[in-house]
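One letter stands for each residue in the lines below.
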Amino acid sequence: MANGDTIIEVRGLKNQFGDHVVHENLDLDVRRGEVLGIVGGSGTGKSVLMRSIVGLRKPDAGHIRVFDIDLDNVTEEERRLVERRWGVLFQEGALFSALTVAQNIQVPFREHLHMDPQLMDELAAVKIALVGLREGAADLYPSELSGGMKKRAGLARALALDPEILFLDEPTAGLDPIGAAAFDELIRDLARTLGLTVFLVTHDLDTLHAICDRIAVLAERRVILIGTLDDMLRSDHPWIREYFHGPRARAAFAGK
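Nothing here was measured: the structure is a model prediction, and the numbers come from that model. (Residues numbered from 1 in each chain as written. Predicted model: local features only at pLDDT ≥ 70, side-chain atom pairs only at ≥ 80, totals over all residues. Heavy atoms only, no water.)

(A) Spatial organisation of the sheet that holds strand β5 (residues 69-70). Read across the sheet, four strands follow the order β2-β1-β4-β5 without closing on themselves; strand pairing throughout is antiparallel. Taken across any chain shown, the strands that pair with only one partner, and hence form the sheet edges, are β2 (20-31) and β5. Bridge count between strand β1 (residues 6-17) and strand β4 (residues 61-66): five bridges; the pairing is antiparallel. Looking at β4, one finds that I8 is bridged to V66. Contacts between helix α1 (residues 46-53) and the sheet are confined to β1, β2 and β4, with β1 contributing the most and set at about 120° to the helix. (Pairing = 2+ DSSP bridges. Helix = DSSP H or I, 4+ residues; strand = E, 2+ residues; numbered from the N terminus. Contact = heavy atoms within 4.5 Å. Axes fitted to C-alpha atoms, helices over the stretch in contact; angles between N-to-C directions.)

Printed below as a string of structure tokens:
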């Protein structure tokens, strides 16, 4: 790695769908232990970038290194070992509807480990408590959960294998302001307590202000700026100015 603190390194990334080029020559470094917010306008490929890093989409060009491992040159078993070191929370939680909360959390145990059923139950209970779900949630099915509870259950599953990196795709989307603020606080506390690196795709200005150490802006098919919130506020790029100085931004940052 060019920087000893870099945990994710993306170089020259290209993603293309037919004639539509979403990313071209995109570079990005994520530092160990930081909460990095990824923002950009509609169609800039925020989720596509995340899916490329976690291996759900093969980029058309470029290189991705995670934990100083070149993910283009690993065996299937080596990739599985790397994937055990990160957790992913998708927008809607992506819970299996036919499984209880506890069974959903146990999916990574069954996929990657050979464990006694009683131990899996005990560890699932620990993860449920960790994300602030109420007692008794373990036996509920996704259809019995509120939106906020689904997010927390999905987060518990993402944390099942004690990952070093947590990938979050629009984690507060669909939540009311109180629920979103509580989820932001949960992520911030978990990141600090567990020493997580958090890669956070979001459009939520409150989230950016509350928990992000740095922000990366996607535009013009690449990362056009990465830095602190103050760096964003000083930028004269038209989209960045509109996003961080517009009416919604003024409301989000009022009194903060």
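Next comes the rest of the description.
(B) Summary view of the nonpolar core. Core analysis: the biggest nonpolar cluster contains 47 residues, and L155, L166, V198, I215 and F244 have the highest contact counts within it. Looking at this core, the element that brings in the most residues is helix α6 (residues 177-194), giving six residues. The residues touching V198, leaving out its near neighbours within four places in the chain, are E34, V35, L36, L166, L168, I187 and A191. Counting 27 residues, the second-largest nonpolar core is a separate cluster that includes V10, L28, F167 and F199. (Core = buried A, V, L, I, M, F, W, Y, C linked by side-chain atoms within 4.5 Å. Buried < 20%, exposed > 50% of the residue type's maximum accessible area, 1.4 Å probe, protein only.)

(C) Here's a closer look at the pattern of salt bridges. Evaluation of the coordinates by the stated rule reveals twelve salt bridges. Where R222 meets E220, a salt bridge forms, and the shortest distance between an N and an O atom there is 3.4 Å. Salt bridges linked by common partners bring R32, R85 and E164 together as one network. (Salt bridge = Lys/Arg side-chain N within 4 Å of Asp/Glu carboxyl O.)

Taken by themselves, the reported measurements are silent on function.
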